[in-house]
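# Commentary on secondary and tertiary structure
One letter stands for each residue in the lines below.
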Amino acid sequence: MTEKEKEQKKGSVIMGILYGGGIPSGSNLKNKFLGMICLQRPMVAVMGPLMFFAGAFIALGKVPPVNSIIWGFIAVYALTSAEHTIDDYIDKEIDKKKWPNRPLPTETISRRGGGIYAISLASFGIVLSFIFFNWQLVVVEFVALGLGTLYPYLRDRIGYLVLPGIPALIGIGGWVAYSPDTLFTSPLPWLLYLIFASWQAFHILTLPWALTVTKTFFVKPKPRTVAKISVIFSVLTLLLALYLSSYLDNALLFIIVMMVVSIIFWLSAVPLIREPTDTKNSYRAVVVASNYNIVLCVALMFTVI
């Protein structure tokens, strides 16, 4: 194996751990530690705090105190990681075919250990949320955890589009953490909710198994149709974001950023629509859609800085 091939293999292993794709074989202590990181899916879990603080910044109209940013990030990251671990716990048998290198299918971490780990992460996040924020946030978190636990069952019976409304609750959590009294008097938290739900819809519909394997919503459309639906949701996300901008100060940069990231996603969707069964096209669109959410959240936060 050449040095270049070794570097590529090392990079692939690191990406597998950070995105939850899997870990190296073996049940040694090092791999058990890597397995715990893999269960969290760090590169995906970090989107949770970003969505949370997008809601928080807009709710406050300013940057929250640094102390609450730190504890809020830790709490929401822990809860998002717990959701991923719960998903792996429930999907262990399915993942033996779909993700055979994940920690639970390989039994690097036992199913019982995965369950204990998920409960520990969730409990840690909820306790921090109660100590540093309020009971309203804890209620939102319990609702999200409950729906997240039901998701794998609903996904298999209804389809992948049962997911979007669940992670979108993170934005609502960010709002109630700082402005619980305005949750039902302002349209902004619900606009944020719709934006995040719409983003999650087009993000998940670019995944290979959403395109080709299972139902979208009660029915299983052709892969090309699923790819087109993902583009429709991306257009809806942009329209909702532009509508939200009418409520924001310093919105020009936000509008420009949203237009640019939308165009980039549409460019990635063109080859996906042409060849929706090509996994390279799918993963390219997934990466772009993932980065779309990161940029969206950061751009929202910048409107109040």
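First, a word on what this report is: a plain description of the structure on this page. (Residues numbered from 1 in each chain as written. Predicted model: local features only at pLDDT ≥ 70, side-chain atom pairs only at ≥ 80, totals over all residues. Heavy atoms only, no water.)

### Considering a nonpolar patch on the surface
Together, Val127, Phe130, Ile131, Phe132, Trp135, Val139, Val143, Leu147, Leu150, Tyr153 and Leu154 make up a nonpolar patch on the protein surface, roughly 1,000 Å² of accessible area in all. Every element with two or more residues in the nonpolar patch is listed here: α7 (111-132) and α8 (135-157). With seven residues, the single largest contributor to the nonpolar patch is α8. With respect to the helices, strands and loops of the structure, Val127 is situated in helix α7. (Patch = residues over 30% accessible without salt bridge, like charges linked within 9 Å, V, L, I, M, F, W, Y side chains within 5 Å. Areas by Shrake-Rupley, 256 points an atom, 1.4 Å probe, with all protein chains shown as cover. Salt bridge = Lys/Arg side-chain N within 4 Å of Asp/Glu carboxyl O. Helix = DSSP H or I, 4+ residues; strand = E, 2+ residues; numbered from the N terminus.)

### So, the pattern of salt bridges
Taken as a whole and assessed by the stated rule, the structure comprises nine salt bridges. With a closest N to O distance of 3.6 Å, Asp87 and Arg41 form a salt bridge. Remark: Arg41 occurs in the loop between α2 (29-40) and α3 (42-45) and Asp87 occurs in helix α5 (residues 66-90); sequence separation between them is 46 residues. Arg41 carries the same exposure label as Asp87, and that label is buried. Salt bridges sharing common partners tie together Arg41, Asp87, Asp88, Asp91, Asp95, Arg102, Arg155 and Asp156. (Buried < 20%, exposed > 50% of the residue type's maximum accessible area, 1.4 Å probe, protein only.)

### As for the environment of Trp266
Structurally, Trp266 is set in helix α13 (residues 252-274). The exposure class assigned to Trp266 is partly exposed, which follows from its relative accessible area of 28%. Sequence separation between Trp266 and Val235 is 31 residues; the distance between their C-alpha atoms is 9.1 Å. A polar contact of 2.7 Å, which involves the side chain of Trp266, links it to the side chain of Ser234. (Polar contact = N/O pair within 3.5 Å; in protein donor to acceptor, adjacent residues only side chain to side chain.)

### Re the packing of helix α4 (residues 47-60) against helix α10 (residues 188-204)
It is at 10 Å that the axes of α4 and α10 come closest, and there the two elements cross at 155°. As judged from the angle between their axes, α4 and α10 are roughly antiparallel. Where α4 crosses over α10, the handedness of that crossing is right-handed. Taken together, the residues of α10 that come into contact with α4 (itself represented by Met47, Met51, Ala54, Gly55 and Ile58) are Leu188, Leu192, Phe196 and Trp199. (Axes fitted to C-alpha atoms, helices over the stretch in contact; angles between N-to-C directions. Parallel < 35°, antiparallel > 145°, perpendicular 65-115°, else oblique. Left-handed = near helix turned anticlockwise from the far one by under 90°. Contact = heavy atoms within 4.5 Å.)

### Re α8
An α-helix turns once every 3.6 residues. As a result, residues three or four positions apart point the same way. Over its 23 residues, α8 runs 33 Å from end to end, which matches the ideal 33 Å to within 8%, given 1.5 Å per residue. Its axis deflected by about 45° at Tyr151, α8 carries its strongest bend there, up to four residues before the proline Pro152. Buried within α8 are the following residues: Gln136, Leu137, Val138, Val140, Glu141, Ala144, Leu145, Gly148, Tyr151, Pro152 and Arg155. The inward-facing, buried residues of α8 abut α4, α5, α6 (92-98), α7, α9 (169-178) and α10. (Expected span 1.5 Å × (residues − 1). Bend = angle between axes of the 7 residues up to and from the residue.)

### Points about the side chain of Glu83
Within the secondary structure, Glu83 is located in helix α5. At 9.3 Å, Arg41 is the nearest oppositely charged side chain to Glu83, a buried residue that forms no salt bridge. Ignoring anything within four residues of it in the chain, the contact list for Glu83 reads Ala144, Leu145, Gly148 and Thr149. (Lys, Arg positive; Asp, Glu negative; His and termini not counted.)

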